Amino acid sequence: MTGGVSADVAVVGGGLVGTSVAYELTCAGASVALIDASHPGRASDAGAGIVSPETFQERDTQWFEFGLSAAAHLRSLVARLAEDGADPGPEAFAQCGSLVVALAEHEDPWFSEVLELVHARTSGIVEIPVGEARAMFPPLGPLWRALHSPTAARVDGRTLCASLRSAALQRGATLVSTEAVGVDRRADTVTAVRGVSDVVSCGAVVLAGGAWSAGAARWLDVELPVTPTKGQIVHVVLPGPEPADPGAGAPGPRSDDWPIVQPILNFYLVPWPGGRVVCGGTFEVEAGFDTRPTAGGLRDLLRECVAIAPGLAGATFSEVRVGLRPTSSDDRPLLGPLPGFTNVHVCTGHGANGLLLGPYSAALVAAGLAGTPATATPYGPARFSTP
Ligand SMILES: Cc1cc2nc3c(=O)[nH]c(=O)nc-3n(C[C@H](O)[C@H](O)[C@H](O)COP(=O)(O)OP(=O)(O)OC[C@H]3O[C@@H](n4cnc5c(N)ncnc54)[C@H](O)[C@@H]3O)c2cc1C
């Protein structure tokens, strides 16, 4: 940081969530300083990008509704960004559908439970013959059963975040590339955020630091129940031309059009244009802030990737990404005013669903801050306050 910065709102954290908050606030006319340290392990750079609330496997209606609203918000956000001159492009967001699959007969009880749940909640998700499912994603191996959800989409967290940042900066936000290390406060009001070498004076602050959010809350002597869940994820690329469906003898679909594959008990596969397929992700709750790719992680990912889709065995290993999911103790986000303070808000704790949920949460938190009427969020941080 060079020199003093002053803003209506200082947003701590420039992943997808903080950047979305910054963008929404600038749209509402606020001046914003977006403070970001770009820590290694930023989840938004690693996330697989599955946008599929319709296939959520939890029996929590409020959560399901929140997910549906978030998916609708994401679609309109992409359109807004395009109108704002920061189009993330067709590859950053696409409705590609999803297959929920059982690989073997012994998975029947789990599959039937998911089938019953999704049918009770949504129309349009149907069980399809496994041959049809395999034709949709030609590298797949044998399947036992398959459900097709046509509305699922994929989002590229890096590209969407870059578009949001560019749109926010165009609208006057200031990017402060540093690590925030503390705050200045008068009683229950924060007056500034301190970076490594300078200070951002502010009228309000939003803590949106992903897995690092609990560290920021400690500046205020608050214990925020958010911890990192390490995820490793591999990218492989099929050499073109893409494989044909041997059964049909016809060319297979382009990978752009392949659906996401969500096995009931295994890692998922997310297809991208150009024959790229992402397989993930490990779920390492004990790893803390370790962001190393490990031999064991890679072994597990590649073994399952090729077991589910033998047609990927000849794909080129491209890269492994590691991200830290910001996981709250009840696996739900923390959104809105922090109890005990007049001007501190939080927007974090999105765990394994932040690419889907984060932009919507950000819009709710920004609306609350701007004083505009907003849908009340069911996930206020007050639920963790001791009476
Ligand atoms: C392997 C993997 C797969 C995933 N797949 C999906 C998926 O398919 N669908 C889905 O919806 N979600 C998915 N997620 C989850 C999603 O990626 C995250 O929930 C989301 O990206 C969290 O965004 P965030 O902005 O809160 O955190 P992050 O992206 O981690 O960003 C936090 C930012 O805050 C900055 N920061 C923190 N503290 C400070 C400070 N003191 N000063 C300055 N800067 C600070 C960091 O440097 C970082 O840049 C996945 C995650 C992983 C790891």
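Residues numbered from 1 in each chain as written. Predicted model: local features only at pLDDT ≥ 70, side-chain atom pairs only at ≥ 80, totals over all residues.

Student: Looking at this model, I keep getting lost on the packing of helix α1 (residues 16-27) against helix α6 (residues 157-170). Mind explaining?
Tutor: To characterise two packed helices, one gives the angle between the axes of the helices and the distance between these axes. With their axes 9 Å apart at the nearest point, α1 and α6 run at an angle of 30° to one another. On the basis of their axis angle, the class for α1 and α6 is roughly parallel. For α1 against α6, the interelement crossing comes out left-handed. Touching L16, T19, S20, A22, Y23 and T26 of α1 are G157, L160, C161, L164, R165, A167 and A168, all from α6. Here the residues of the contact of α1 with α6 are counted per class, giving 8 nonpolar, 4 polar and 1 charged. (Axes fitted to C-alpha atoms, helices over the stretch in contact; angles between N-to-C directions. Helix = DSSP H or I, 4+ residues; strand = E, 2+ residues; numbered from the N terminus. Parallel < 35°, antiparallel > 145°, perpendicular 65-115°, else oblique. Left-handed = near helix turned anticlockwise from the far one by under 90°. Contact = placed C-beta atoms within 7 Å. Nonpolar A, V, L, I, M, F, W, Y, C, P; charged D, E, K, R; others polar.)

Student: What should I look at first to understand the nonpolar core in this one?
Tutor: Nonpolar side chains in soluble globular proteins tend to end up buried together. Core analysis: the largest hydrophobic core is formed by 118 residues, its most contacted members being V9, A10, V11, V12, V21, V32 and V205. In terms of residue count, helix α9 (residues 354-370) provides more of this core than any other element does, 10 residues in total. Excluding residues that lie within four positions of it along the chain, V11 makes contacts with G18, V21, A22, V32, L34, I35, V206 and A208. (Core = buried A, V, L, I, M, F, W, Y, C linked by C-beta atoms within 7 Å. Buried ≥ 20, exposed ≤ 12 C-beta atoms within 10 Å, placed from the backbone.)

Student: How do you make sense of the domain arrangement of the protein when you look at a structure like this?
Tutor: It is common to report an interface's size as the accessible area lost on association of the parts. Its domain assignment divides the protein into domain 1 (5-46 + 158-225 + 330-384) and domain 2 (98-150 + 228-328). Just the C-alpha atoms count here: the centres of domain 1 and domain 2 sit 32 Å apart. Of the residues lining the interface, 21 residues belong to domain 1; the matching set on domain 2 comes to 14 residues. Element by element, the count of residues in the side of domain 1 that touches domain 2 is highest for helix α2 (residues 43-46), at 3 residues. Classifying every residue of the side of domain 1 that touches domain 2 gives 8 nonpolar, 8 polar and 5 charged. (Domains from an automatic or database assignment.)

Student: Help me understand the site of the ligand, please; the structure alone is not making it clear to me.
Tutor: In the vicinity of the ligand lie 44 residues, with G15, G47, G210, G231 and G354 positioned nearest. Counting residues per element, the ones that place at least two in the shell around the ligand are α1, α2, β13 (226-237), β17 (316-328) and α9. Per-element accounting of the shell around the ligand gives the leading share, 4 residues, to α9. Taken together, the residues of the shell around the ligand break down into 18 nonpolar, 22 polar and 4 charged. The residues that make up the shell around the ligand include at least three from each of domain 1 (5-46 + 158-225 + 330-384) and domain 2 (98-150 + 228-328). (Near = placed C-beta within 6 Å.)

Student: Just to check I follow, could you spell out the sheet that holds strand β8 (residues 153-155) for this structure?
Tutor: Ordered by their spatial adjacency, 3 strands build an open sheet running β3-β8-β4, and the pairing between neighbours is antiparallel. What marks the edges here is a single partner per strand, and that holds for β3 (50-51) and β4 (93-95). As defined by bridge partners, β3 adjoins β8 across 2 bridges and the pair is classed as antiparallel. Its bridge partner being in β8, V51 is matched across the sheet by A153. (Pairing = 2+ DSSP bridges.)

Student: I would appreciate a short explanation of the pairing of β13 in the present structure.
Tutor: In regular strands, side chains alternate between the two faces of the sheet. Of all 12 residues that make up β13, 9 are buried, and the element is covered over most of its length. Sheet topology note: the β13/strand β16 (residues 276-280) ladder contains 5 bridges and is antiparallel. Bridge pairing in β16 places H235 opposite V278.

Student: I tried to follow helix α3 (residues 61-83) on my own but got confused; where do I start?
Tutor: Spacing of three or four residues puts side chains on the same side of an α-helix, whose turn is 3.6 residues. In a regular helix each residue adds 1.5 Å, so 23 residues correspond to 33 Å; α3 covers 33 Å between its end C-alpha atoms and thus fits that length. F66, G67, A70, A71, H73, L74, L77, V78 and L81 are the residues of α3 that are buried. Turning to α3, the residues buried within the fold contact β3, β4, β8, α6 and α9. (Expected span 1.5 Å × (residues − 1).)

Student: Hey, could you run me through the environment of S329 in this one?
Tutor: Along the polypeptide, S329 turns up in the loop between β17 and β18 (334-337). Among the residues examined, S329 registers 12 C-beta atoms within 10 Å and is labelled exposed. Distance from S329 to H119, taken between C-alpha atoms, is 29 Å for residues 210 residues apart in sequence.

Student: I keep staring at unusual backbone geometry and nothing clicks. Help me out?
Tutor: Of all residues except glycine, most have a negative phi; of all peptide bonds, most are trans. In this structure, G281 follows G280 across a cis peptide bond, with omega equal to -25°. Its location among the elements puts G281 in the loop between β16 and α8 (295-308). Its identity is not glycine, yet D221 carries a phi of approximately 60°, on the positive side. On the secondary structure map, D221 appears in the loop between α7 (213-217) and β13. The residue D331 is not glycine, and still its phi comes out positive at about 60°. For D331, the position within the fold is in the loop between β17 and β18.

Student: I'm lost on the environment of G13 in this one. Help?
Tutor: Position of G13 relative to the elements: it lies in the loop between β1 (5-12) and α1. Ignoring anything within four residues of it in the chain, the contact list for G13 reads G18, D36, A208, G209 and G210.

Student: What's the story with helix α4 (residues 108-121) in this structure? I'm lost.
Tutor: Taking 1.5 Å of rise per residue, the 14 residues of α4 would be expected to cover 20 Å, and the 20 Å separating its terminal C-alpha atoms lies within 8% of that figure. What α4 keeps buried is the set F111, V114 and V118. Each buried residue of α4 lies within a common arc of 65° when the element is viewed along its axis, so the set occupies one face. Across from the buried face of α4, at angles greater than 90 degrees, the exposed residues are P109, S112, E116 and A120. In this structure, the buried side of α4 is in contact with β5 (98-102) and β7 (145-149). (Arc of directions from axis to C-beta.)

Student: Explain the pairing of β7 here, please?
Tutor: For β7, a buried count of 4 out of 5 residues is recorded, marking the element as mostly surrounded by other parts of the structure. Pairing analysis gives 5 bridges linking β5 to β7, with the strands arranged antiparallel. Of the residues in β7, the one forming a bridge with V100 is L147. With 3 bridges connecting them, strand β6 (residues 126-128) and β7 associate as antiparallel partners. Note that in β7 the partner of I128 across the bridge is A146.

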